[in-house]
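Breakdown of the fold
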Amino acid sequence: MTVTPKLQNTPEPASEKDIEVARRVLAIEADALRDLSESLNGDFCKAIDLIESLTGRLVVTGMGKSGHIAKKIAATFASTGTPSFFVHPAEASHGDLGMIGKNDAVLALSNSGETPELSDIIAYTRRFNVPLIGMTRRPESSLAVQSDYPLILPNSPEACPNKQAPTTSTTAMLAFADALAVTLMERRGFSADDFRTFHPGGKLGQRLLHVSDVMHGVADIPLVGEEALMSEALVIMTGKSFGCVGVLDNDGKMTGIVTDGDLRRHMADNLVAMRVADVMTRNPKATKADLLAVEALAVMNDRSITALFVVDDIGKPVGLVHIHDLLRLGVA
């Protein structure tokens, strides 16, 4: 029997019933997020004030599905400038309470607010005056009542058919914590430089590289004076292998560039005997060392060029960034 191979990129026919279920889930969760947004009040701002003022760390905890969300929340805070880590509530009862210091605060997650495994952590924070932020759906629950800073989730239904499996509630927890983290980022002026410090790896880290991180230094780049002959410029251009040479005035400022295109335009004019100033393209586009490498890449793409000189504030060249380097480092 001949089996016809299935095309990998052929989409399956849509099941209207499945699509309807999926849209219902998303609508329920979207409604919950709108309710959460409208419910924000001074308690949210007090929690922000507390976290911003911490000299220790934000300890995040939760059990079950809330625990999985708590791990992600701790990672989000840690990567955006707030030292944070996750403590499993069951492990806390067997020694990990010692991980919570006097300068820390605890963010505890529980949809019901009555999770038994959280009791020892709650008691520990009360005994040693560790600030407690409780995130729960029930304002009358033990967690909310014991918390210094209760954050109440909207009383929205779970999205599953029997209204039991954590779906809407965990989405709301995650979004609530995202709102806390991003608000803190904006308060602190958390910059792209700060972000790269915590995200050095992967595509994100590469896109946050600066021109200074990828450029060739001034000792390695092709430069020649305006009054030099093209015979000298060609030697320098060939030796440096960037496909261009920067042109300097008597003060060392960059006034032009000679590219392969300039060479072709003057090929019939006894090129080697000409002055560089008569061949160069004046006022070439340049960049600054403190800009992001992706910004330099955008200039190259816009102008269909492969190399960009880097100059200081007075126009003296300090480096050169080449598109091959951006490709190699994963910026492009």
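Residues numbered from 1 in each chain as written. Predicted model: local features only at pLDDT ≥ 70, side-chain atom pairs only at ≥ 80, totals over all residues. Heavy atoms only, no water.

Focus: the pattern of salt bridges
Rule in force here: Put simply, a salt bridge is a Lys or Arg side-chain nitrogen that is within 4 Å of an Asp or Glu carboxyl oxygen. To qualify as a helix, a DSSP run of H or I must reach at least 4 residues; to qualify as a strand, a run of E must reach at least 2; elements of each kind are numbered from the N terminus. When a residue's accessible area, from a 1.4 Å probe over protein chains only, is under 20% of the maximum for its type it is buried; when over 50% it is exposed; and in between it is partly exposed.
Tallying each qualifying case throughout the model produces 11 salt bridges. With a shortest N-O distance of 2.8 Å, Arg-187 and Asp-49 are connected by a salt bridge. Here Asp-49 lies in helix α2 (residues 42-53) and Arg-187 lies in helix α7 (residues 168-188), a separation of 138 residues in the sequence. According to the relative accessible area criterion, Arg-187 is partly exposed, its value standing at 39%. Across the pair Lys-288 and Asp-313 runs a salt bridge, and its minimum N-O distance is 3.4 Å. With Lys-288 in the loop between β11 (286-287) and α13 (293-303) and Asp-313 in the loop between β12 (307-311) and β13 (317-322), this pair connects stretches of sequence that are 25 residues apart. A relative accessible area of 31% places Lys-288 in the partly exposed class.

Remarks on the sheet that holds strand β2 (residues 84-86)
The criterion, for reference: Here, strands pair whenever DSSP counts at least two bridges between them. All axes here are fitted lines through C-alpha atoms, helices being fitted over the stretch that makes contact, and every angle between N-to-C directions spans 0 to 180 degrees. Any two residues whose heavy atoms approach within 4.5 Å at even a single point are treated as in contact.
Sheet architecture is open: 5 strands sit in the order β2-β1-β3-β4-β5, paired in parallel fashion. Each edge of the open sheet carries a strand with a single partner, namely β2 and β5 (149-152). Across the sheet, the mean angle separating the axes of adjacent strands is 20° when strand polarity is ignored. Direction of pairing for strand β4 (residues 132-136) relative to β5: parallel, over a ladder of 4 bridges. Residue pairing for β5: Thr-136 is matched across the bridge by Ile-152. Packed on one face of the sheet, α2 meets β1 (58-62), β3 (105-109), β4 and β5 and runs near 130° to β5.

Brief notes about the environment of Tyr-124
Among the secondary structure elements, Tyr-124 is positioned in helix α5 (residues 119-127). C-alpha of Tyr-124 to C-alpha of Gly-62: the two residues are 62 residues apart in sequence and 15 Å apart in space.

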